[in-house]
Amino acid sequence: MARSMAEATIAPDTVLVREPRSPRYVLQGRAPALQAAARALGLKDVPAMLRAATGTGGTALRLGPFELLVLPGADDPAALQDALGPIPHSLVGVSDRNVTLTLQGPWAARILSGLCPLDFMERVFPVGMATRAPLEKADAVFWRTAPDCFHLEVWRSFGLYAEDAIREVARGVTFASLAI
């Protein structure tokens, strides 16, 4: 997996990466709008609640009954806007609002458990699951992309705060594991 310049090893074999800016949109609408967006992304159907699905045109994370976080493959929303056409919907670009962090490694789930009230055990939070929850005091979207990898979306204004909180918990988790 290619890494950005903002990669940092924060625990044994565990890295935190601030990913480069990428396009993202919040789509709100009823079933026809969600279905049109899914087709534009190359998906057969809208992802189930709290799940993510990736197609040829990008990824959709189903965060609510009428909401998708759309991570298109291209920065031009024209295909998505064309697919939605006259269907009632709200499509808002949040590319500049959010930053993406990737936390990958054997300590990732344990580190996130120190910052969020969710259970990140893989049997409870499996690969492909996505949800919105607090990360310390910041609103975040958590998406498990692999058994030991999480994609996190946080508001840019909380980006450094979230990174620092993750590093702080990683220090504590790593220290505690050495004492066993």
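Everything below is about the structure printed above this text.
In this report, the structure presented in the accompanying data block is examined. On a predicted model such as this, the values are computed, not experimentally measured, just so you know.

## Describing the pairing of strand 6 (residues 67-72)
Moving on, step 1. The buried fraction of strand 6 amounts to six of the six residues, a majority that puts the element mostly inside the structure.
Moving on, step 2. Alternating residues of strand 6 divide into Glu67, Leu69 and Leu71 and Leu68, Val70 and Pro72, and every residue in both groups is buried.
Moving on, step 3. Pairing analysis gives four bridges linking strand 3 (residues 25-28) to strand 6, with the strands arranged antiparallel. Bridged to Gln28 within strand 6 is Glu67.
Moving on, step 4. In textbook terms, the turn of a hairpin is the stretch between consecutive antiparallel strands, and for strand 5 (residues 58-64) and strand 6 this stretch comprises two residues.

## Brief notes about the environment of Glu136
Moving on, step 1. Looking at the element boundaries, Glu136 is found in the loop between strand 9 (130-135) and strand 10 (138-146).
Moving on, step 2. As a C-alpha pair, Glu136 and Pro77 span 59 residues in sequence and 32 Å in three-dimensional space.
Moving on, step 3. If sequence neighbours within four positions are ignored, Glu136 has contacts with Leu115, Tyr161 and Ala165.

## As for the sheet that holds strand 5
Moving on, step 1. Strand order in the open sheet formed by five strands is 4-5-6-3-7, with antiparallel pairing between adjacent strands. Looking at the sheet topology across the chains shown, the edges are occupied by strand 4 (52-55) and strand 7 (90-93). The sheet shows a mean angle of 20° between the axes of neighbouring strands, direction not considered.

Scoring rules and cut-offs
- Every chain is numbered independently, its residues counted from 1 as its sequence is written.
- Residue-level local features of this predicted model are given only where pLDDT is at least 70; pairs of side-chain atoms are given and counted only at 80 or more, and the full residue set underlies all totals for whole chains, interfaces and linings.
- Each side-chain value is worked out from all heavy atoms of the structure, with water and hydrogens disregarded.
- Accessible area is worked out with a 1.4 Å probe on protein chains only. A residue is then buried under 20% of its type maximum, exposed over 50%, and partly exposed in between.
- Working definition: helices are DSSP H or I runs of at least four residues, strands are E runs of at least two. Numbering for both runs from the N terminus.
- Pairing between strands is defined by DSSP: at least two bridges between them are needed.
- By definition in these notes, contact holds between two residues if any of their heavy atoms fall within 4.5 Å.
- Axes, fitted as lines to C-alpha atoms, cover a helix only where it is in contact. Angles between the N-to-C directions of the axes lie from 0 to 180 degrees.

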